[in-house]
Amino acid sequence: MRSGFGKRFRQASRTGMALVVLVALLVAVTGTALSLWVGAALREAQQRSAEQQLDRRATLITDAVAAESGRYADALRLLAAALGSHERLTKPEFDQTTRVLEDMRLAGATSIALMVPATDEQIPRVQEFWRRRGVPDLVLNAEGREREHVFSVLSRSLDGSTRTATGIDASQAAESARALAVARRSGQVTVSDTYLLIRDRHLPPERRQLSFVLTAPVYGRVEGDRRPFVGWVLMGVRGRDFIDATLRRTTQGLTDVRLLARHEDGTLALLAELSGGSRRDLPRDLHRTTSVRVAQRDWQLEIDAASALLPGAHGPLPGIATAVGVVLSLLLAALVSALGGGRERARAQVVAATAGLRAAEADARRQAGLLAAVLDSASDGVGVVDGRGGFLLHNPAALEILGVPPSPGGPETWQGHYGIFLPDGSAPFPAEDLPMTQALAGRRVEQVPMMIRNRAHPEGIVLSVSAQPLDPSGGRSGAVTVFRDITALREYEAELAAFAGVVAHDLRRPLTAMRGFVELVRDELDELAGEGSREPSGAAGAGKTREPAVRAVAGECVRHLDQALAGIARMAGLIDDLLAYATARDATLQPREVDLDALVREIAAEHLTAAAADPGRPAPRIGVGPLPAVHADPPLVRQLVDNLLGNAVKYVRPGQGAEVEVRSLPAPPGRVRIEVADRGIGIPPGQHQAIFAGFHRAAGGYTGTGLGLAICERIVERHGGAIIAEDNPGGGARFRFTLPAAQDGPAAEDGPGREDGPAAEDGPGREDGPAAEDGPGREDGPAGRGGDEEGGGDGGTRAE
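Residues numbered from 1 in each chain as written. Predicted model: local features only at pLDDT ≥ 70, side-chain atom pairs only at ≥ 80, totals over all residues. Heavy atoms only, no water.

(A) Geometry of the overall build of the protein chain. Looking only at helices and strands, the protein chain features 16 helices and 22 strands. The proportion of buried residues among the 800 residues of the protein chain is 46%. (Helix = DSSP H or I, 4+ residues; strand = E, 2+ residues; numbered from the N terminus. Buried < 20%, exposed > 50% of the residue type's maximum accessible area, 1.4 Å probe, protein only.)

(B) Up close: the sheet that holds strand E22 (residues 733-740). Spatially, the five strands line up as an open sheet ordered E17-E19-E20-E22-E21, and their pairing is mixed. Lying at the two open borders of the sheet, with one neighbouring strand each, are strand E17 (621-624) and strand E21 (723-727). Direction aside, the axes of adjacent strands within the sheet are offset by 15° on average. Packed on one face of the sheet, helix H14 (residues 596-612) meets E17, strand E19 (659-665) and strand E20 (671-678) and runs near 175° to E17. Relative to E22, helix H15 (residues 634-650) is tilted by about 170°, and along the sheet it contacts E17, E19, E20 and E22. (Pairing = 2+ DSSP bridges. Axes fitted to C-alpha atoms, helices over the stretch in contact; angles between N-to-C directions. Contact = heavy atoms within 4.5 Å.)

(C) Here's a closer look at the environment of Leu434. Its location among the elements puts Leu434 in the loop between strand E12 (420-421) and helix H11 (435-440). Between the C-alpha atom of Leu434 and that of Pro411, which follows or precedes it by 23 residues, the distance is 8.6 Å. Beyond its immediate chain neighbours, meaning those up to four positions away, Leu434 contacts Trp414, Ile420, Phe429 and Met450.

(D) The side chain of Ser35, seen in detail. Note that Ser35 resides in helix H1 (residues 2-84). Look at Ser35 and you get buried, because its relative accessible area is 6%. A distance of 3.3 Å separates a polar atom in the side chain of Ser35 from the backbone oxygen of Gly325. Setting aside residues no more than four positions away along its own chain, Ser35 makes contact with Thr322, Gly325, Val326 and Ser329. (Polar contact = N/O pair within 3.5 Å; in protein donor to acceptor, adjacent residues only side chain to side chain.)

(E) Local environment of the confidence of the model for the protein chain. Residues of the protein chain with pLDDT of at least 70 account for 77%, and the chain-wide mean is 77. Of all helices and strands in the protein chain, the one with the weakest mean pLDDT is helix H8 (residues 343-376) (58), whereas E19 scores best (96). Confidence drops under a pLDDT of 50 for residues 532-545, and excluding neighbours within four residues, the segment shows six contacts in the predicted structure. In the predicted structure, residues 745-800 sits below a pLDDT of 50 and forms 257 contacts with residues beyond four places in sequence or in another chain. (pLDDT = per-residue confidence, 0-100.)

(F) Spotlight on the pairing of strand E9 (residues 297-305). Both strand E6 (residues 255-262) and E9 contribute to a ladder of six bridges, which runs antiparallel. Its bridge partner being in E9, Arg258 is matched across the sheet by Glu302. Of the strand pairs in this sheet, strand E8 (residues 286-294) and E9 are connected by nine bridges, and their pairing is antiparallel. Bridge pairing in E9 links Val292 to Trp299. Hairpin remark: E8 followed by E9, antiparallel, with two residues in the connecting loop; positive phi at Ala295, about 55°.

(G) Structural context of the nonpolar core. The biggest cluster of nonpolar side chains holds 65 residues, and the ones touching the most others in it are Leu101, Leu114, Trp130, Val233, Met235 and Trp299. No other element matches H1, which puts 13 residues into this core. (Core = buried A, V, L, I, M, F, W, Y, C linked by side-chain atoms within 4.5 Å.)

(H) Quick look at the pairing of strand E11 (residues 391-394). Pairing geometry for strand E10 (residues 380-386) and E11, over three bridges, is antiparallel. Note that in E11 the partner of Gly383 across the bridge is His394.

(I) Spotlight on the packing of aromatic side chains. According to the stated counting rule, one finds eight aromatic pairs in the structure shown. Residues Phe212 and Phe242 carry aromatic rings whose centres are separated by 6.3 Å and whose planes lie at 90° to one another, so their mutual orientation is edge-to-face. Taken together, the residues span a long stretch of sequence, with Phe212 in strand E4 (residues 211-219) and Phe242 in helix H6 (residues 239-251) at a distance of 30 residues. Both residues of the pair, Phe212 and Phe242, belong to the buried class. Aromatic side chains Phe229 and Trp232 sit 5.0 Å apart centroid to centroid with 75° between the ring planes, which places their arrangement in the edge-to-face category. An identical accessibility class is assigned to Phe229 and Trp232; each is buried. Through a chain of ring-to-ring contacts, the aromatic side chains of Tyr72, Phe212, Phe242 and Trp299 assemble into a single cluster. Sitting over the face of the ring of Phe421, Arg453 holds its NZ or CZ atom 4.2 Å from the ring centroid. (Phe/Tyr/Trp six-rings, centres within 6.5 Å; stacked < 30°, edge-to-face > 60°. Lys NZ or Arg CZ within 6 Å of the ring centre and 35° of its normal.)

(J) The arrangement of the sheet that holds strand E15 (residues 478-485) in detail. In space, the six strands of this open sheet follow the order E11-E10-E15-E14-E13-E12, with antiparallel pairing throughout. Taken across any chain shown, the strands that pair with only one partner, and hence form the sheet edges, are E11 and E12. Inspection of the sheet shows E12 paired to strand E13 (residues 445-452) by two bridges, in the antiparallel sense. Each residue of the ladder has a partner; that of Phe421, found in E13, is Met451.

(K) Up close: the pattern of salt bridges. This structure, assessed with the given rule, holds 24 salt bridges. Asp159 is the salt-bridge partner of Arg238, the closest N and O atoms lying 3.2 Å from each other. You can see Arg238 sitting in strand E5 (residues 229-238) and its partner Asp159 sitting in the loop between strand E2 (148-157) and helix H5 (174-186), a full 79 residues away along the chain. Taking the shortest distance from any N to any O, the salt bridge between Glu273 and Arg258 comes out at 3.7 Å. Highlighted residues: Glu273 in strand E7 (residues 268-274) and Arg258 in strand E6, separated in sequence by 15 residues. Residues joined in a network through salt bridges with shared partners are Arg663, Glu675, Glu726, Arg734 and Arg736. (Salt bridge = Lys/Arg side-chain N within 4 Å of Asp/Glu carboxyl O.)

(L) Seen up close, the environment of Pro405. Mapped onto the secondary structure, Pro405 falls in the loop between helix H9 (396-402) and helix H10 (414-418). For Pro405, a relative accessible area of 45% translates into the label partly exposed. In this structure the C-alpha to C-alpha distance between Pro405 and His394, which are eleven residues apart in sequence, comes to 9.6 Å. Residues in contact with Pro405, not counting those within four places in the same chain, are Leu399, His417, Tyr418 and Arg455.

(M) Inspection of the packing of H15 against helix H16 (residues 708-718) at higher detail. H16 packs onto H15 with a crossing angle of 145° between their chain directions and a minimal axis gap of 9 Å. Of the two possible hands of crossing, H15 and H16 adopt the one that is left-handed. Judged by residue contacts, Leu636, Gln639, Leu640, Asn643, Leu644 and Asn647 of H15 engage Gly708, Leu709, Ile711, Cys712, Ile715 and Val716 from H16. Broken down by class, the residue content of the contact of H15 with H16 amounts to eight nonpolar, four polar and no charged. (Left-handed = near helix turned anticlockwise from the far one by under 90°. Nonpolar A, V, L, I, M, F, W, Y, C, P; charged D, E, K, R; others polar.)

(N) Examining H16 more closely. The buried count for H16 comes to ten of eleven residues, which makes it a mostly enclosed element. Phi turns positive one or two residues past the end of H16, at Gly720, with a value near 75°.

(O) Region of interest: the side chain of Asp193. Take Asp193: it is sitting in the loop between strand E3 (190-191) and E4. Asp193 sits in the buried class, given a relative accessible area of 8%. Looking at Asp193, its side chain comes within polar contact range of the main-chain nitrogen of Glu264, at 3.0 Å. Once residues within four sequence positions are removed from consideration, Asp193 is found in contact with Glu175, Arg178, Ser211, Phe212, Arg262, His263, Glu264 and Arg297.

(P) Representation of a nonpolar patch on the surface in the model. Among the surface-exposed residues, Ile320, Val324, Val327, Leu328 and Leu331 lie close enough to one another that they form a single nonpolar patch of about 460 Å² accessible area. Take Leu331: it is sitting in helix H7 (residues 317-339). (Patch = residues over 30% accessible without salt bridge, like charges linked within 9 Å, V, L, I, M, F, W, Y side chains within 5 Å. Areas by Shrake-Rupley, 256 points an atom, 1.4 Å probe, with all protein chains shown as cover.)

Structure, rendered in structure tokens:
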């Protein structure tokens, strides 16, 4: 009986073990399959995210190229209108009219030239004509045997070169000659086929680059029922310089861009390409091709990217999810196998297992709490140091974000070990200002931006760092820091900045045209209001009756048009302030030594001159003490000082003159602290920090956009400094800000500047001028108002 029971027991045990093994195998296979499916789904989601990222970037790149090329074409079109409106165009008038192009910073533009046509018989007469117009050394050098030649008679350099382009026959280059012919037939701005500019043919081969020219016809003042053709204006543009300046910030080093120009015969030619520069070893597995309109042709943009480099398109989550799922499945299968070993073996082990399970349960609860905390903050890095700066704790996210192991030294080694720089990467982050250093000193800091650039992140990533001291109740001193990667957010801000530039350009175009037409009408009406109607002697009685009425109506119209011009100026100022506010944080810093004393005195003189032009306004008094030199970006420093002085002069009580004092205060080593104090209306209580927020207005009755002080704060923070507002004892307000002190030794050399005078040679298609057929006796009228004039803004406001 015992033998039979034992046999049945053993048989049942074997059957039960087989069943247990089958169930365990089924659990393992099912769990592994589900884990692999989850991993594949996550990878597919990441790939879709990469495709969407590239679509957005392709749209942004296309819009940037279209907006920039449109800006060049608009500038050329307005310049042609302005030159054609001159009654007697001379060299000085040409230089004055084209000077606005230097301020527009047209990337890749080499020069602007005025071109005129002339036959072999007309060459001596045209040459003598323009010599009398301010080009005494002009020599027209005819090339080839064409019936009609095209010569450059007036020229200005736009790239700092001193080479002259006057006297060149544009018909020697077939590309520019065809573009001039198309522009004359169509009356529109025209782009040429790509070629090597004449002015670049002397350069070494490694410095040469394909270029193109933009040309627009110039028509004179109306004669009868037509506007006679005068000539052309022509601008040469180097392709690689154009693409590099237009797209370097937009691509963020994550995409490769190739710009192909479509020639007259329909073929495509590679004009320029921009390499992303990030991980060239990774395959470019994503591709986009778009079309962009340049003058009369549709050019092509080819954009390539590696999906692994796009934000949100690559990460370890699919692999982690798959691995965790497989491990859990195997553990569960092992658990099923262990639990199915038989009742007798389970009964024998139940006591020990119960004790072990209780301990495991307690430990599992603790581990579950820790795991939940880690998972909740998996995207943020966490680091804890003791009172001497030695690391006590760091989580895996910290190692992944920083890319290097913890520093074995104290706070003085952190900057060099991790590669910590200011947010724009222009200079090392001061060790004394690091958030962890501040926290060890007992101060709490929140969301400080900084760049990490080391061997793991050669291109640099931007972090937002917060730190605070450890709770003393923990029994030891130290500090804890939490940081996260905000590089994608900064890229989104860069996209917004590029979008703001496009919007500002689109808003300026109709505004500029509106202003030009309103000013033309206003000048005509102003002349009519001053002279009255001019009737023939036979209608003297009627003229005397209508003359006062005509003058009164014309004068009233002039007053209405002045109000319209003032509104246009305010709108232009708002556009400029919005664009400056959107781009102040991300503009590339070009710091150098700035003579702050001379700069402040120059800006103060400008405000005094502006105030003197208003006889009903009390004269301000601006005192400037000796100020040290700083190492900063000159245009941004000028905007900072101009905004603060403009506020101090503007925000005064009615009938009271402004009193402003600018002086230097003691500052830490390597820093300069400046104070701007006034006796104006002051700052309302509780708004000393709020006035730095965008669009904040604290004082009514004063004009402004509410962006001036927000721009000031961004400029100072970009240079690693801080700005504060306080009440001025005795009335008024004072602003204090810090900037980096000038470096020891000679001041940094200024970059190449623009030079006036004869323009550099621009290549065959770059010359425009009044038509030779009009003859030397033809005179053009006054200059038009086609330039892109910026409306006057208030430069910021204390209450804004």
